[in-house]
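Now for the letters of each chain:
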Amino acid sequence: MSADTREARPGFAGRVFRGQGRRVLTFVRQAGAVSTLAFRASRALFTTRFEPRAFIYQMEQLGVKSFGIAAATAIFVGIVMAIQFAYSLERFGAKDSVGRIVGLSMTRELAPSLTSLVVGSRIAAGIAAELGSMAVTEQIDAIRALGADPIRKLVVPRVLAGTLLMPLLACFAIVLGIGSAMIVCRVTFGISMPFFLSTAIDTIDLSDLLSGVAKTPVFGFLVCLLGCHFGMRTRGGTEGVGRSTTTAVVAVSIAVLVANAILTQVLLSVLGA
């Protein structure tokens, strides 16, 4: 290899810079495509005929079948939080404050965020796998060939169902999380269940509930939108379906965490909590 050829090859820093540049460009393209899909889905929701049967089916698929994993997440998070706080506060003689702390933390943050994260990953994986299979078998192209809009038939029912279902699942998670913490505190630490429940309820006000639950429609919208985006862009057969599903789960997890950080600050500023 000549000296001129060696000099022409990029160094390590150049390769790293190019690699990061490609990742940034890919992210920008994906963000633009997701924004375009969100705009088209929002327009189709208000300008085309609503399909109630498809919406109800997606409510059952995304919501009812996700209740088990949402319940398990809330119950065990409540158990762990109760044990940790009770052990810590018992050393300072403040064990009676466990109900207040658990109720406030579950309502404001833990139940809505963790439910959206866990359930959202399950929903996004299912949507990406289903639409990805339809994409690689050319069923989406067949819908277009028949003159129908795949956004209206495939995206709108899923996005609308996810947006409406996530707050309901979060409310169920709050109740189950506080209930499981209450039972653990009674069995393990001897704290009266009526006392635990009354202190938790007295501590939580409407702004606390809104600061937690108000974030979940945005989470549900992002989860279903990203699942549809990666599913409909699937290429490469069954291997492509696997890649799209994995990418959708990762993207949804990051999107929920980032949106949670932004919305928490915004809601605290708006509600003054």
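Residues numbered from 1 in each chain as written. Predicted model: local features only at pLDDT ≥ 70, side-chain atom pairs only at ≥ 80, totals over all residues. Heavy atoms only, no water.

Caption draft 1: Up close: the packing of aromatic side chains. What the rule picks out here adds up to three aromatic pairs. On the basis of an interplanar angle of 55° and a centroid distance of 5.6 Å, the ring pair of F50 and F55 is categorised as tilted. Take F50: its relative accessible area is 38%, and that puts it in the partly exposed class. Residue F55 is classed as buried on the basis of its relative accessible area, which comes to 14%. (Phe/Tyr/Trp six-rings, centres within 6.5 Å; stacked < 30°, edge-to-face > 60°. Buried < 20%, exposed > 50% of the residue type's maximum accessible area, 1.4 Å probe, protein only.)

Caption draft 2: Looking closely at the packing of helix α10 (residues 216–232) against helix α11 (residues 237–271). Across the interface, α10 lies against α11 with an axial gap of 9 Å and an inter-helix angle of 155°. The angle between the axes of α10 and α11 places the two elements in the roughly antiparallel class. In this structure, α10 meets α11 at a crossing whose hand is right-handed. Counted together, V218, F219, L222, V223, L226 and F230 of α10 and S244, T247, A248, A251, V252, A255, V256, A259, N260 and L263 of α11 form the full contact between these two elements. (Axes fitted to C-alpha atoms, helices over the stretch in contact; angles between N-to-C directions. Helix = DSSP H or I, 4+ residues; strand = E, 2+ residues; numbered from the N terminus. Parallel < 35°, antiparallel > 145°, perpendicular 65-115°, else oblique. Left-handed = near helix turned anticlockwise from the far one by under 90°. Contact = heavy atoms within 4.5 Å.)

Caption draft 3: Structural context of a nonpolar patch on the surface. Side chains of L206, L209, L210, V250, I254, V258, I262, V266, V270 and L271 sit close together on the surface and give an oily, nonpolar patch of about 870 Å² of accessible area. Of all elements in the fold, only α9 (206–213) and α11 reach the threshold of two or more residues within the nonpolar patch. With respect to the helices and strands, V266 occurs in helix α11. (Patch = residues over 30% accessible without salt bridge, like charges linked within 9 Å, V, L, I, M, F, W, Y side chains within 5 Å. Areas by Shrake-Rupley, 256 points an atom, 1.4 Å probe, with all protein chains shown as cover. Salt bridge = Lys/Arg side-chain N within 4 Å of Asp/Glu carboxyl O.)

Caption draft 4: Looking closely at the environment of S133. Checked against the element boundaries, S133 lands in helix α5 (residues 98–136). In this structure, the C-alpha to C-alpha distance between S133 and V241, residues 108 residues apart in sequence, is 6.4 Å. Not counting chain neighbours up to four residues away, the residues in contact with S133 comprise Q139 and V241. For S133, the side chain forms a polar contact with the main-chain oxygen of A129, separated by 2.8 Å. (Polar contact = N/O pair within 3.5 Å; in protein donor to acceptor, adjacent residues only side chain to side chain.)

Caption draft 5: Here's a closer look at the nonpolar core. Formed by 41 residues in total, the largest nonpolar core has its most connected members in L62, I123, I127, L131, I151 and V155. Mapped onto this core, the elements with two or more residues apiece are α2 (12–47), α3 (52–62), α5, α6 (139–145), α7 (150–189), α10 and α11. Residue contacts for I151: discarding those within four places in its chain leaves L37, R40, A41, A44, V156 and M232. Ranked by size, the runner-up nonpolar core spans 21 residues in total, among them A82, V98, V102 and I178. (Core = buried A, V, L, I, M, F, W, Y, C linked by side-chain atoms within 4.5 Å.)

Caption draft 6: Summary view of the pattern of salt bridges. By the definition in use, this model includes eight salt bridges. Notably, a salt bridge pairs R108 with D208, separated by 2.3 Å at the nearest N-O pair. Here D208 lies in helix α9 and R108 lies in helix α5, a separation of 100 residues in the sequence. Both residues of the pair, R108 and D208, belong to the buried class. A network of salt bridges, in which partner residues are shared, links E51, R152 and K153.

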